[in-house]
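Here's the letter readout for the chains.
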Amino acid sequence: MYKFTKDCMTGIESIDKEHEQLFKIINEAQALLEEQAVDVKTVKSIVAHLVDYAAEHFAHEESYMESINDPELMRQKKEHTDFANKVKSVDFDNMTDEESRKELAELVKFLAKWLYHHILGSDIMIGKLEPVVHKTQDSKKAENVSTAKKGMFEFTDEYKTDIDFVDAEHKKLFEIIERTYEVINDYYLHDKYDHIVSIINELKDYTKLHFKDEEEYMEKIGYEGLAAQKLAHESFVDRLTGINMEEVDDGQQEYLFELIDYLLEWLKNHILKMDKQIPAK
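Residues numbered from 1 in each chain as written. Predicted model: local features only at pLDDT ≥ 70, side-chain atom pairs only at ≥ 80, totals over all residues. Heavy atoms only, no water.

The name given to the protein in an unreviewed UniProt entry is Hemerythrin family protein, with [Lactobacillus] rogosae as the source organism. According to UniProt, the comment filed for the protein under the heading Sequence similarities (unreviewed entry) is "Belongs to the hemerythrin family." (UniProt positions renumbered as here; feature names shortened; annotations may be inferred.)

Visitor: Explain the overall build of the protein here, please?
Guide: The secondary structure content of the protein amounts to 10 helices and zero strands. Listed N to C, the secondary structure of the protein is α-α-α-α-α-α-α-α-α-α in terms of helices and strands. Looking at the protein as a whole, 47% of its 281 residues qualify as buried. Excluding contacts between residues fewer than 6 apart, the proportion of contacts in the protein whose partners are at least 24 apart in sequence is 78%. As presented, the protein carries roughly 14900 Å² of accessible surface, and 49% of it is formed by carbon and sulfur atoms. (Helix = DSSP H or I, 4+ residues; strand = E, 2+ residues; numbered from the N terminus. Buried < 20%, exposed > 50% of the residue type's maximum accessible area, 1.4 Å probe, protein only. Contact = heavy atoms within 4.5 Å. Areas by Shrake-Rupley, 256 points an atom, 1.4 Å probe, with all protein chains shown as cover.)

Visitor: Explain the nonpolar core to me, please; I cannot follow it from the model alone.
Guide: Generally speaking, soluble globular proteins have nonpolar side chains that are buried together. The biggest cluster of nonpolar side chains holds 69 residues, and the ones touching the most others in it are Val-47, Ile-177, Leu-263 and Trp-266. For this core, the secondary-structure elements that each account for two or more residues are α1 (13-34), α2 (40-67), α3 (73-88), α4 (97-121), α6 (164-184), α7 (193-220), α8 (226-241) and α10 (252-273). Ranked by size, the runner-up nonpolar core spans seven residues in total, among them Ile-163, Tyr-217, Met-218 and Ile-278. (Core = buried A, V, L, I, M, F, W, Y, C linked by side-chain atoms within 4.5 Å.)

Visitor: I tried to follow unusual backbone geometry on my own but got confused; where do I start?
Guide: What is expected of a backbone is that most residues other than glycine have negative phi and most peptide bonds are trans. At Asn-69, a residue that is not glycine, the phi angle is positive and equals roughly 55°. As for its placement among the helices and strands, Asn-69 is situated in the loop between α2 and α3. By relative accessible area, Asn-69 is classed as partly exposed at 39%. Of note, the phi angle at Asp-162 is positive, near 70°, even though the residue is not glycine. Structurally, the position occupied by Asp-162 is in the loop between α5 (139-147) and α6.

Visitor: I'm lost on empty space enclosed by the protein in this one. Help?
Guide: Over the atoms rolls a probe the size of a water molecule, and its path tells where empty space is left. Going through the model one piece at a time under the given rule, you end up with two cavities of 30 Å³ or more. Volume-wise, the largest cavity comes out at about 80 Å³. Together, Asp-7, Leu-120, Ile-124, Met-125, Ala-232, Trp-266, Asn-269, His-270, Lys-273 and Met-274 line the largest cavity. The element best represented in the lining of the largest cavity is α10, accounting for four residues. Its residues assigned to classes, the lining of the largest cavity shows six nonpolar, two polar and two charged. The calculated volume of the second largest cavity comes to roughly 50 Å³. Considering the residues around the second largest cavity, the lining is formed by Ile-25, Ile-26, Ala-29, Ile-46, Val-47, Leu-50, Leu-104, Leu-107, Val-108 and Leu-111. Those elements that place two or more of their residues in the lining of the second largest cavity are α1, α2 and α4. It is α4 that contributes the most residues to the lining of the second largest cavity, four residues altogether. Class assignment of the residues belonging to the lining of the second largest cavity gives a composition of 10 nonpolar, no polar and no charged. (1 Å grid on protein atoms, 1.4 Å probe; cavity = no way out; pocket = protein on both sides within 12 Å on 5 of 7 lines; lining within 4 Å. Points joined across faces, edges and corners; volume = space filled by probe spheres on them. Nonpolar A, V, L, I, M, F, W, Y, C, P; charged D, E, K, R; others polar.)

Visitor: Sorry if this is basic, but what is going on with the packing of α1 against α2 here?
Guide: Between two packed helices, the angle of one axis relative to the other and the distance separating the axes together describe the packing. Here α1 crosses α2 at 165°, and the two axes come no closer than 10 Å. If you check the angle between α1 and α2, you find them roughly antiparallel. As α1 packs across α2, the resulting crossing turns out to be left-handed. On α2, the residues touching Ile-15, Lys-17, Glu-18, His-19, Gln-21, Leu-22, Ile-25, Ala-29 and Leu-32 of α1 are Thr-42, Ile-46, His-49, Leu-50, Tyr-53, Ala-54, His-57, His-60, Glu-61 and Tyr-64. For the contact of α1 with α2, the per-class residue count stands at 10 nonpolar, six polar and three charged. (Axes fitted to C-alpha atoms, helices over the stretch in contact; angles between N-to-C directions. Parallel < 35°, antiparallel > 145°, perpendicular 65-115°, else oblique. Left-handed = near helix turned anticlockwise from the far one by under 90°.)

This is how it looks when you write it as structure tokens:
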């Protein structure tokens, strides 16, 4: 069964309740599969229920994000659309009962993994990022938002796990993100594209190295939270590998301010909520 754990809690009660219900629907489908108690008609009913409930949840989530001017709204809408399209893409009409069971089993695995990744990579950040500053607003206001970020990159005692190598690697990640921010604000660099690409590639490589080191440590000490940590790490790496370099080139300033805000706040949230639970041995 797929567990809705405290790691998946966003702190927004209505969203958490609906996420829990989505897990319940997926687990109900899994239970029926294990009992071999499904035919094509039952499968179609399960999928239809999932589609309807997911659509209702996504609408509520997007409405809430719109009300707080959350900068991740458009990305969330795309991820929600991809989810819906995946579920709707399977045609059960011409399948046998056995074929429909196999297809549902694959769909359940995909949806559970997608849901974990989406919650731990995207939903967990709802309300935690700076409200979007629209292009039509005064440019001075946008400058003020970026200036307010200064001092946000300091790796303070608040983020220490007391695991020396983990803390050292976290500090390095803070420094790489800060260097990206400094490039954005370097007004003497007319075209920052090459610099940005270099730093982002460094961030990708170092993040993967850090997560590998951290997971090996958790495995070594038999940490029970390893599975959830791996899912959270995968969701962050997906976000890094999904960076659209064309968007970086076409709208460097706006795109990167939003990217830096996400990367920094995700990392802080992950350290405080998950990494600080890892025992130091």
